[in-house]
Amino acid sequence: MKKLFLLAPLFFILLTHSLFGEEIYLKDQIREAKSGNYLVTFQDKNFTFLHIYDRQNGYLILEEVNVPAPRAPKDSWKEWFERGAPGNTSWTHTRLNLTTGRLEASYSFTYQRWLNIAETDHFMATLLNLKFYSIPDTTRRRIGPTPGYGREDLRPIWQPKLVMDGRAIPKVYFKAFKARWPNDRSELASKKIEIYLPEKRDSYLGYPTFFPYWVEVEGKLASGRIRVIDSGEGVQSIQPPMPPAHRLLECSDLSPLF
C-alpha cells in the first residue's frame, strides 16, 4: 500500500505528460536570445524587423522597426536595417524583464517619447506568457491530399520555411505547439494559437531558435498568421541605447504611461 502511495505522484506526472506533452513558455525560450540576433516577420501586409539590441542584467532590449509591404526592401533585410531602415513607419526599443516575462518600458525613436506600455504591444506581452503544449506528429498537418480510407498516411509533415540572411535552409525540423488565448475581450479571446519553433539541434547554423517562425490564430485567414521571412545574427543598429530608466520618471506626461 505504501509503495502505491509513493508511485501515485509519478503516475500522475506521466499521465499529465502523455495527455498534454511538452510544456513551454516563450518567455523562457527568449532567454536564449543574443545581442545581434534578428527576425523579420510578415503579417497583414506589414513587415517587422525584430532585433535583440542588447542583453544585460536580466533584461533584453527588443528593437522593432515596422515597414509596410510597398516600402519593403528588394535586397538584403540586414543591409536595409543597417542603412537606417528607409521607408519605416515606426522604430522602438522595448525593455523585457527576463525573470517575469513582462514588457516594462517602451521608447519610440520615431516620436522621441516614451510610449504607454499597456497599449504598445499587448499581443507580444500575452504571447510570451502563454503556456504552450506540444502537438504530437500524429496530429500535425501534412502535405498533400488525405489518403483513402484504410490506407496508411505517409504524407510528410508540413514545416514552415526557414530563411537565414536571405537563403532558405533546407531540412529544418520544427516543433509545433498550441495554446488557448485568454478571455481578455480582445479579437483573439479564447482562440487557439499554434506556433512552430525550429529544433535547436541545427542551431549551430546561426539562426535564432527562441521565437516561432510561424504563428497561426484559429479561425482567421491571412491577418491571423505571422511568419518569419528572414533571420540571422550579427546585425548592428544605428540607434543609441534606450534612454535610462530615470528619464521615464522625468516625463511630463507620466500619468498615461502605466
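Here we summarise the structure given alongside this text. Remember, it's a predicted structure, so these values are computed and weren't measured experimentally.

1. Looking at the nonpolar core
Thinking step 1. Membership of the largest hydrophobic core comes to 43 residues, with the highest contact counts inside it found for I30, L60, L62, L96, F132, I193 and I195.
Thinking step 2. Elements represented by at least two residues in this core include exactly β3 (46-56), β4 (59-68), α5 (122-128), β11 (174-180), β12 (192-198), β13 (214-217) and β14 (225-232).
Thinking step 3. Once residues within four sequence positions are removed from consideration, L96 is found in contact with I30, G58, Y59, L60, L62, G101, R102, L103 and L128.

2. Quick notes on the pairing of β3
Both faces of the sheet carry side chains from a regular strand, because those side chains alternate between them.
Thinking step 1. Alignment of strand β2 (residues 38-43) against β3, held across six bridges, turns out to be antiparallel. Bridge pairing in β3 links Y38 to H51.
Thinking step 2. The turn joining β2 and β3, which pair antiparallel and follow one another in sequence, is formed by two residues; a positive phi near 50 degrees is taken by D44.
Thinking step 3. Two strands pair when backbone bridges link them, and β3 and β4 are joined in this way by 10 bridges, in the antiparallel orientation. When the bridges of β4 are listed, F49 appears paired with V65.
Thinking step 4. Linking β3 back to β4 in an antiparallel pair, the connection comprises two residues, with N57 at a positive phi of about 50 degrees.

3. A look at the side chain of E63
Thinking step 1. Looking at where E63 falls in the secondary structure, it is placed in strand β4.
Thinking step 2. Although E63 is buried, it makes no salt bridge; K78 carries the closest opposite charge, 13 Å away.
Thinking step 3. A polar atom in the side chain of E63 sits 2.7 Å from the side chain of H51.
Thinking step 4. There is a polar contact of 2.7 Å between the side chain of E63 and the side chain of S237.
Thinking step 5. Every residue in contact with E63, bar those within four places of it in the chain, is listed here: F49, L50, H51, Y53, F81, W91, T92, H93, S237 and Q239.

4. With respect to unusual backbone geometry
Thinking step 1. Of note, the phi angle at D44 is positive, near 50 degrees, even though the residue is not glycine.
Thinking step 2. Its place among the elements puts D44 in the loop between β2 and β3.
Thinking step 3. Residue classification places D44 among the partly exposed residues on the basis of a relative accessible area of 46%.
Thinking step 4. Phi angles above zero are rare outside glycine, and K171 is one such case at about 60 degrees.
Thinking step 5. Classification of K171 as exposed rests on a relative accessible area of 82%.

5. Focus: the sheet that holds β13
Thinking step 1. Pairing is antiparallel across the open sheet formed by 12 strands, whose spatial order is β1-β8-β11-β12-β13-β14-β2-β3-β4-β5-β6-β7. Among the strands making up the open sheet, the edge pair consists of β1 (23-24) and β7 (113-114).
Thinking step 2. Where β12 meets β13, four bridges bridge the pair, whose relative direction is antiparallel. When the sheet's bridge partners are listed, Y196 is paired in β13 with W214.

6. Quick word on the packing of aromatic side chains
Thinking step 1. Throughout the structure, instances matching the rule amount to 13 aromatic pairs.
Thinking step 2. Ring geometry for F42 and F47: centres 4.6 Å apart, planes at 45 degrees, overall tilted. Neither F42 nor F47 differs from the other in exposure class; each is buried.
Thinking step 3. One aromatic cluster in this structure is built from Y38, F42, F47, F49, W77, W80, F81 and W91.
Thinking step 4. Sitting over the ring of Y25, K27 keeps its end group 5.3 Å from the ring centre.

7. Section: the pattern of salt bridges
Thinking step 1. Tallied over the full model, the rule gives 12 salt bridges.
Thinking step 2. Residue K131 pairs with E23 through a salt bridge whose shortest N-O separation is 3.9 Å. You can see K131 sitting in the loop between α5 and β8 (132-134) and its partner E23 sitting in strand β1, a full 108 residues away along the chain.
Thinking step 3. When the shortest N-O distance is used, the salt bridge between E218 and R180 registers 3.3 Å. On the criterion of sequence distance, the pair formed by E218 in the loop between β13 and β14 and R180 in strand β11 is long-range, its members being 38 residues apart.
Thinking step 4. Classification of R180 as partly exposed rests on a relative accessible area of 49%.

8. Observations regarding the side chain of R140
Thinking step 1. Within the secondary structure layout, R140 lies in the loop between β8 and β9 (163-164).
Thinking step 2. In this structure the side chain of R140 is engaged in a polar contact, spanning 3.3 Å, whose partner is the backbone oxygen of W158.
Thinking step 3. At 2.7 Å, the side chain of R140 and the backbone oxygen of F174 are in polar contact.
Thinking step 4. Setting aside residues no more than four positions away along its own chain, R140 makes contact with I135, I157, W158, Q159, Y173, F174, K175, A176 and Y196.

Reading the values: rules and limits
Residues numbered from 1 in each chain as written. Predicted model: local features only at pLDDT ≥ 70, side-chain atom pairs only at ≥ 80, totals over all residues. Heavy atoms only, no water. Core = buried A, V, L, I, M, F, W, Y, C linked by side-chain atoms within 4.5 Å. Buried < 20%, exposed > 50% of the residue type's maximum accessible area, 1.4 Å probe, protein only. Helix = DSSP H or I, 4+ residues; strand = E, 2+ residues; numbered from the N terminus. Contact = heavy atoms within 4.5 Å. Pairing = 2+ DSSP bridges. Lys, Arg positive; Asp, Glu negative; His and termini not counted. Salt bridge = Lys/Arg side-chain N within 4 Å of Asp/Glu carboxyl O. Polar contact = N/O pair within 3.5 Å; in protein donor to acceptor, adjacent residues only side chain to side chain. Phe/Tyr/Trp six-rings, centres within 6.5 Å; stacked < 30°, edge-to-face > 60°. Lys NZ or Arg CZ within 6 Å of the ring centre and 35° of its normal.

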